[in-house]
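Listed below, chain by chain, are the residues.
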Amino acid sequence: MGRRQMMVAAAALVAGCGRGRLEDSKFRSYNGPQITHVVVHKSARKMFLLHHARIVRIFNIGLGFNPVGDKKVEGDGKTPEGLYTIDRRNPNSRFHLSLGIDYPNAADRAEARNMGQSPGGDIFIHGRPPAYQSGGRDWTWGCIAVTDREMEDIYAMVGDGTPILIMP
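Along every chain, residues carry numbers that run from 1 in the direction the sequence is written. Per-residue local features of the predicted model are confined to residues with pLDDT of at least 70, and side-chain atom pairs are confined, for both listing and counting, to 80 or more; whole-chain, interface and lining totals are unaffected and use all residues. Side-chain metrics rest on all non-hydrogen atoms present in the structure, leaving aside hydrogens and water.

1. Thoughts on the environment of Tyr 155
The line we're drawing: Only DSSP runs of H or I reaching four residues or more are called helices, and only runs of E reaching two or more are called strands; each is numbered from the N terminus. Residues are treated as being in contact if the distance between any of their heavy atoms lies within 4.5 Å.
Topologically, Tyr 155 is positioned in helix H3 (residues 148-157). Linking Tyr 155 and His 126, residues 29 residues apart in sequence, is a C-alpha distance of 9.0 Å. With residues near it in sequence (within four places) discarded, Tyr 155 still touches Phe 27, Arg 89, Asn 90, Pro 91, Leu 97, Ser 98 and Leu 99.

Below, the structure is given as structure tokens:
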């Protein structure tokens with residue numbers, strides 16, 4: 001092998017090393033059926049990803065630190081209830097990855113305004129910090145939490161614009 005061929009081979013090897021192994025990446029791919037909507041059952045602590053009427057995946061979830069009831073105002077520790085939409089994604093979330101929920105809607109804002117309060121915002125589906133990786137606890141400020149590995153799958157499976165129904 002000539003000097004030029006060795007340099008090209010070395011450059012290719014170094015470039016390959018910089019990518020990291022696929023299984024180490026938090027960005028996964030998904031090529032199953034399109035997720036047409038997400039349903040959250042707060043009381044059961046379950047989140048369902050559906051393709052029309054068929055359940056594709058089920059996840060155990062954690063909720064806000066005060067999980068019973070609908071979110072009304074900022075800081076109440078409740079997870080909102082109602083029909084919303086996944087409207088954004090954050091690949092650099094401090095909770096690994098996150099998908100934004102378009103809370104508050106017009107009705108939520110009006111309800112909070114009538115109470116003289118702010119409805120809050122920044123409600124997401126996201127991963128968990130190390131202290132909560134085992135799941136089973138309600139600790140967020142109103143978000144829906146899953147394990148980091150599960151969040152990687154959800155992030156790949158659920159697109160922006162997907163409806164999410166959050167039920168009591």
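2. Observations concerning the confidence of the model for the protein
What counts is decided by this rule: Across the chain, each position has a pLDDT score giving the predictor's confidence in that residue, from 0 to 100.
Here the protein averages 86 in pLDDT, and 84% of its residues register 70 or above. Segment residues 3-23: pLDDT under 50, and 2 contacts once partners within four positions in sequence are set aside and those in other chains are kept.

3. Remarks on the pattern of salt bridges
Selection rule: Any Lys or Arg side-chain nitrogen located within 4 Å of an Asp or Glu carboxyl oxygen qualifies as a salt bridge. Under the scheme applied here, a residue whose accessible area is under 20% of the maximum for its type counts as buried, over 50% as exposed, and between as partly exposed, the area being computed with a 1.4 Å probe on protein chains only.
Applying the stated criterion to the full structure yields 11 salt bridges. Close ionic contact of Glu 111 with Lys 72 constitutes a salt bridge, the shortest N to O distance being 2.8 Å. Of this pair, Glu 111 sits in helix H2 (residues 106-114) while Lys 72 sits in the loop between strand S3 (54-60) and strand S4 (82-90); the two residues are 39 residues apart in sequence, bridging distant segments of the chain. Overall, Lys 72 belongs to the partly exposed group, its relative accessible area being 29%.

4. Thoughts on the packing of aromatic side chains
Threshold: Each Phe, Tyr or Trp ring (for Trp, its six-membered ring) is paired with any other whose centre lies within 6.5 Å, and the angle between the two planes then decides the class: stacked below 30 degrees, edge-to-face above 60, tilted in between. As a reminder, the over-ring test applies to NZ of lysine and CZ of arginine, requiring each to be within 6 Å of the ring centre and within 35 degrees of the ring normal.
One pass over the full model with this rule turns up 4 aromatic pairs. With a centroid separation of 5.6 Å and 55 degrees between ring planes, the pair formed by Phe 95 and Trp 139 is classed as tilted. Separated by 44 residues along the polypeptide, Phe 95 in the loop between S4 and strand S5 (98-101) and Trp 139 in the loop between strand S6 (123-126) and strand S7 (144-145) bring together distant segments of the chain. Across the ring face of Tyr 155, the terminal group of Arg 89 is positioned such that the distance to the ring centre comes to 4.7 Å.

5. Section: the sheet that holds S7
For the record, the criterion: Strand pairing is defined by DSSP finding a minimum of two bridges between the two strands. Only the stretch in contact is used when a helix axis is fitted, and all axes are lines through C-alpha atoms; the angle between N-to-C directions ranges over 0 to 180 degrees.
Spatial strand order, S3-S2-S1-S8-S4-S5-S6-S7: 8 strands in an open sheet with mixed pairing. What marks the edges here is a single partner per strand, and that holds for S3 and S7. H3 rests against strand S2 (46-51), S3, S4, S5 and S6 of the sheet, and its axis sits at about 145 degrees to S3.

6. Here's the deal with the nonpolar core
Selection rule: Put simply, buried Ala, Val, Leu, Ile, Met, Phe, Trp, Tyr and Cys residues joined by side-chain atoms within 4.5 Å make one nonpolar core.
The biggest cluster of nonpolar side chains holds 25 residues, and the ones touching the most others in it are Met 47, Ile 101, Ile 144, Ile 154, Val 158 and Ile 164. For this core, the secondary-structure elements that each account for two or more residues are strand S1 (37-41), S2, S4, S5, S6, H3 and strand S8 (163-167). At 4 residues, the largest contribution of residues to this core is made by H3. When neighbours within four sequence positions are excluded, Ile 144 is seen to be in contact with Val 40, Met 47, Ile 61, Gly 62, Leu 63, Thr 79, Ile 101, Phe 124, Ile 125, His 126, Ile 164 and Ile 166.

7. What about the side chain of Thr 79?
This is how the line gets drawn: For this analysis, a polar contact is any N or O atom pair within 3.5 Å, provided that within protein one partner can donate a hydrogen and the other can accept it, and provided that sequence-adjacent residues contribute only side-chain to side-chain pairs.
Examined against the element boundaries, Thr 79 turns out to sit in the loop between S3 and S4. In this structure the side chain of Thr 79 is engaged in a polar contact, spanning 3.1 Å, whose partner is the backbone nitrogen of Gly 64. Reaching out from Thr 79, the side chain makes a polar contact with the backbone oxygen of Gly 142 at a distance of 3.1 Å. Excluding its chain neighbours within four sequence positions, the residues that come into contact with Thr 79 are Lys 42, Leu 63, Gly 64, Gly 69, Asp 70, Lys 71, Gly 142, Cys 143, Ile 144 and Ile 166.

8. Details of H2
Turn by turn, an α-helix covers 3.6 residues, leaving residues three or four places apart pointing in a common direction. Where H2 starts, the residue carrying a side-chain oxygen 3.1 Å from the main-chain nitrogen of Ala 107 turns out to be Asn 105. One or two positions beyond H2, positive phi appears at Gly 116, with a value near 70 degrees.

9. A few points about unusual backbone geometry
Backbone torsion omega between Tyr 103 and Pro 104 reads 0 degrees, so that peptide bond is classified as cis. Tracing the backbone shows Pro 104 in the loop between S5 and H2. If you check the backbone angles, His 96 has positive phi at about 80 degrees while not being a glycine. Relative to the elements of secondary structure, His 96 occurs in the loop between S4 and S5. Non-glycine residue Asp 122 carries a positive phi angle of around 55 degrees. Residue position: Asp 122 is located in the loop between H2 and S6. Of the residues examined, Asp 122 reaches a relative accessible area of 56% and is grouped as exposed.

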